[in-house]
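Understanding the architecture of this molecule
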Amino acid sequence: MIERIKKLESISRRLEPDRGERAPVRDAVVAYGEGFLDRLPELKAYEADKEAATEIRESPIVDEGVPVDKLLALFDEAVIVPGVNPASGRFLAYIPGGGIYYSSLGDHLAAVTNRYAGVRFAGPGAVEMENMLLDWMAGLVGYPEGSGGNLASGGSIANLTGIVTARDAHGLKARDYERVVVYLSGQVHHCIHKALGVAGLGECVQRCVPMDERYRMVPAELEHAIARDRADGLIPWLVIASAGTTDVGAIDPLQEIGRIAKAEGLWYHIDAAYGGFFALVDECRPKLAGMELSDSIVLDPHKGLFLPYGTGALLVKDVEALRRAHHYQAAYMQDILAEESLESNSPAELSPELTKHFRGLRLWLPLKLHGVGPFRACLEEKLLLTRYFYSKVQELGFEVGPEPELSVATYRWVPGDGDANEFNQALVDEIHRDGRVFISSTMLEGKFVLRLAVLTFRTHLESVDLLLDVLAEKIALLTSSG
Ligand SMILES: Cc1ncc(COP(=O)(O)O)c(C=O)c1O
């Protein structure tokens, strides 16, 4: 047996390359990253030809290793080239990502040191770091002491965790689910509907509260709906407001909704995944007033703080509600749990995860290295760029949607004759084929509209000007060929 163990050891030790073996691989990967950043200004924002992606499958996982250069070449061709380039400043679609560089170093540190950030007993510093970041966010939205939260993988999971917390805080029972009512607007992000289903509440009543002409929930309509539902014997439970809708960037009237939720005894959840971090900008704070009235709120650092994909955040005003919904014990964890206290606020006690990515480091490192100033400036720049675009695109002859509250604007071309929806579909297709800039579209009241969403930290004036040039060029092309 010893002989076999030694033989296996000699092979398994390959998983621990020594300094000399690590260096060329690390240097090649770092050099690739540097080269990518150098090339970024020239890279397309979108490559519609996705054929190259399948090459990954043609290089299956086998027993023997492959040299790093070959792998990086494959990665570049199959992963980096086809599809959307979210690292580009010309990525102006959906809610953009970005990926600030120091986060990558945070991820590197997290992976090399592999600290366990799930439980305070095991990783006290890691848990303190994540909770300190959550406290900072809680201060930003105006939550008092005693709040808590969790760094999740993104907004969808953070919203799901919030909804599960709201479900348990109100002691909902499965036999009542058909009578339970959640109030939301037609602009709420689809991850909310998904979360309700995953939380077992797919059969609850999802009451779509009418919106005003700027796609904001109308508080009086919310009040009426609650009264009607109570009279009908239903159980009003949860109201979900949006602080920055994905489609148009609308901010629901957070204060009025908060007042109604309190008066009616409803759990108040705000999805501020997109808009929440704009609270860093003085000018936006009044628009976001009312966030502090919520019972739970979601903010996405991989949106508003420009992190690479993989970090959302849930904050809950009463951390005990979050704990009650997620706390669990297991015999094999008895040593750990003996040291847990209510103050520990370990992520494993406050979320569905046990073992988790040490996400805090990718947020802590850039925030500490840069300080908050550049983040605040970058967010304000995005607001102004959106306003600039909104005005310039009208000069080009486009019809526009509501004046942007944050960094999303909608617009469309209304052709002299022919179907406007078809024309705008053709326009977006043309822009995608071109690939210099990447935009997306949506449907608003049956109208096909184009969206500008400015949230990549690399988007500056030149990118917006390029989009305006591309729009003018494509309109000329389509109107002359049509
Ligand atoms: C307002 C809003 N909420 C939630 C989400 C979902 O977040 P994620 O994609 O991080 O899961 C998004 C995504 O764009 C969003 O814009």
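For the rest of this paragraph, the subject is the pairing of strand β4 (residues 180-185). Of all the six residues making up β4, six are buried; the element is thus mostly covered by neighbouring parts of the structure. Neither face of β4 is open: one carries V180, V182 and L184, the other V181, Y183 and S185, and all of them are buried. The pairing of β4 with strand β6 (residues 235-242) spans four bridges and is classified as parallel. When the sheet's bridge partners are listed, V181 is paired in β6 with P236. Pairing of β4 with strand β5 (residues 205-209), which is carried by five bridges, proceeds in the parallel orientation. From the neighbouring strand, S185 faces β5, where its bridge partner is V209. Handedness of the β-α-β unit built from β4, helix α7 (residues 190-198) and β5 comes out right-handed.

With that out of the way, let us pick up the pattern of salt bridges. Using the criterion set out here, one finds 25 salt bridges in the structure. Note that R207 is salt-bridged to D229, the shortest N-O span being 2.7 Å. Here D229 lies in helix α8 (residues 219-231) and R207 lies in strand β5, a separation of 22 residues in the sequence. Of the charged contacts, one joins K474 and E473 as a salt bridge, the two residues approaching to 3.7 Å between their closest N and O atoms.

With that settled, consider the sheet that holds β6. Strand order in this open sheet of seven strands is β3-β9-β8-β7-β6-β4-β5, and the pairing throughout is mixed. Edge positions in the open sheet fall to β3 (148-152) and β5, since each of these has one partner strand only. Looking at each pair of strands side by side, their axes are set apart by 20° on average, direction ignored. In this sheet, strand β7 (residues 267-272) lies alongside β6 in parallel orientation, the contact comprising five bridges. For A241, the partnering residue across the bridge sits in β7 and is I270.

Moving on: the site of the ligand. Taken together, 14 residues sit near the ligand, with G155, S156, T246, D271 and H302 positioned nearest. D271 is positioned with one of its side-chain polar atoms (N or O) 2.6 Å from a nitrogen atom of the ligand. In the model, an oxygen atom of the ligand is placed 2.7 Å from a nitrogen or oxygen of the H302 side chain. Protein chains shield 84% of the accessible area of the ligand, which is 390 Å² for the free molecule.

The rules we used
- Residues numbered from 1 in each chain as written.
- Predicted model: local features only at pLDDT ≥ 70, side-chain atom pairs only at ≥ 80, totals over all residues.
- Heavy atoms only, no water.
- Buried < 20%, exposed > 50% of the residue type's maximum accessible area, 1.4 Å probe, protein only.
- Helix = DSSP H or I, 4+ residues; strand = E, 2+ residues; numbered from the N terminus.
- Pairing = 2+ DSSP bridges.
- Right-handed = clockwise from strand over helix to strand, strands pointing away.
- Salt bridge = Lys/Arg side-chain N within 4 Å of Asp/Glu carboxyl O.
- Axes fitted to C-alpha atoms, helices over the stretch in contact; angles between N-to-C directions.
- Near = heavy atom within 4 Å.
- Polar contact = N/O pair within 3.5 Å; in protein donor to acceptor, adjacent residues only side chain to side chain.
- Areas by Shrake-Rupley, 256 points an atom, 1.4 Å probe, with all protein chains shown as cover.

Read these as geometric descriptors, not functional statements.
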